[in-house]
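One letter stands for each residue in the lines below.
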Amino acid sequence: MSAFDAGCCCEMNIENILKEIEKDFSEERVDEMFAEEVFSGNWVDVDWKEDGYENEYDWYCDHGRGEAESVVVDEIVLGWEEKYNGGKVLSGDEKCEVVDGIRELYYNLGLR
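Keep in mind that what you see is a predicted model, and the values were worked out from it rather than measured.

Student: Give me the packing of helix α1 (residues 14-24) against helix α5 (residues 92-105): which residues, what numbers.
Tutor: Relative orientation of the contacting elements α1 and α5 amounts to 45 degrees, with a least axis distance of 10 Å. Comparing their axes, α5 and α1 come out oblique. Viewed along their axes, α1 and α5 form a crossing whose handedness is right-handed. Contact residues: Ile14, Ile17, Leu18, Ile21 and Glu22 in α1; Glu94, Glu97, Val98, Gly101, Ile102 and Leu105 in α5.

Student: Kindly report on the packing of aromatic side chains, identifying the contributing residues and their values.
Tutor: Within a pair of aromatic rings, the relevant descriptors are the distance that separates the centres and the angle that separates the planes. Per the counting criterion, the structure on display carries 4 aromatic pairs. Pairing Trp80 with Tyr84 gives two aromatic rings, centres 6.3 Å apart and planes at 25 degrees, and the pair type is stacked. Of this pair, Trp80 and Tyr84 are both found in helix α4 (residues 67-84), 4 residues apart, which corresponds to roughly one turn of the helix. Given a relative accessible area of 2%, Trp80 falls into the buried group. Taking relative accessible area as the criterion, Tyr84 reaches 21% and is therefore assigned partly exposed. In textbook terms, an aromatic cluster arises when at least three aromatic residues are bridged by ring pairs, as seen for Phe34, Phe39, Tyr57 and Tyr60.

Student: Describe the side chain of Glu37, and please don't skip the residues or the numbers.
Tutor: For Glu37, the location among the structural elements is in helix α2 (residues 27-39). Although Glu37 is buried, it forms no salt bridge, and the closest oppositely charged side chain is Arg103 at an N-O distance of 12 Å. Among residues more than four places away in sequence, those in contact with Glu37 are Asn42, Trp43, Ala68, Val71, Val72 and Glu75.

Student: Would you mind going over the pattern of salt bridges in detail, with residue names and values included?
Tutor: The tally for this structure, following the rule as stated, stands at 4 salt bridges. Where Arg65 meets Glu67, a salt bridge forms, and the shortest distance between an N and an O atom there is 3.2 Å. Overall, the relative accessible area of 72% leaves Arg65 in the exposed class.

Student: Explain α5 to me, and be specific about the residues and the numbers.
Tutor: End to end, α5 covers 20 Å across 14 residues, agreeing with the expected 20 Å (1.5 Å per residue, within 8%). Within α5, the full set of buried residues consists of Glu94, Val98, Val99, Gly101, Ile102 and Arg103. Taken together, the buried residues of α5 touch α1 and α4.

Student: Tell me about the environment of Tyr60, and name the residues and values.
Tutor: Within the secondary structure layout, Tyr60 lies in helix α3 (residues 56-63). Note: C-alpha distance between Tyr60 and Asp45 (15 residues apart in sequence) is 8.8 Å. Leave out the neighbours within four places in its chain, and Tyr60 touches Phe34, Val38, Trp43, Val44, Arg65, Gly66, Glu67, Ala68 and Glu69. A distance of 3.1 Å separates a polar atom in the side chain of Tyr60 from the backbone nitrogen of Glu67.

Cut-off values and rules
Residues numbered from 1 in each chain as written. Predicted model: local features only at pLDDT ≥ 70, side-chain atom pairs only at ≥ 80, totals over all residues. Heavy atoms only, no water. Axes fitted to C-alpha atoms, helices over the stretch in contact; angles between N-to-C directions. Helix = DSSP H or I, 4+ residues; strand = E, 2+ residues; numbered from the N terminus. Parallel < 35°, antiparallel > 145°, perpendicular 65-115°, else oblique. Left-handed = near helix turned anticlockwise from the far one by under 90°. Contact = heavy atoms within 4.5 Å. Phe/Tyr/Trp six-rings, centres within 6.5 Å; stacked < 30°, edge-to-face > 60°. Buried < 20%, exposed > 50% of the residue type's maximum accessible area, 1.4 Å probe, protein only. Lys, Arg positive; Asp, Glu negative; His and termini not counted. Salt bridge = Lys/Arg side-chain N within 4 Å of Asp/Glu carboxyl O. Expected span 1.5 Å × (residues − 1). Polar contact = N/O pair within 3.5 Å; in protein donor to acceptor, adjacent residues only side chain to side chain.

Spelled out as structure tokens, the structure:
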């Protein structure tokens with residue numbers, strides 16, 4: 001299936017892109033990707049335990065600024081570009097629309 005709109009060979013159909021993404025990235029898979037990114041330690045202060053948190057995930061949920069979410073969204077977009085778009089990068093406007101759609105599809109990636 002191609003995400004190109006039948007009306008114009010150059011315009012991407014964002015709805016189809018999101019359907020392909022949803023097919024390849026289940027909610028469970030995305031939740032796992034998000035948790036792995038949070039537990040990677042890249043987005044958590046070294047003194048998170050001193051702040052009274054039991055784990056990095058809880059600290060990030062209270063103090064994170066969307067960095068882990070952005071990494072996962074970028075991984076999803078890259079995965080789609082490689083599998084369905086021949087490795088070609090989406091244009092800026094297309095990527096913004098796809099990113100917004102991904103954040104609506106997946107609870108953990110939505111801006112809180």
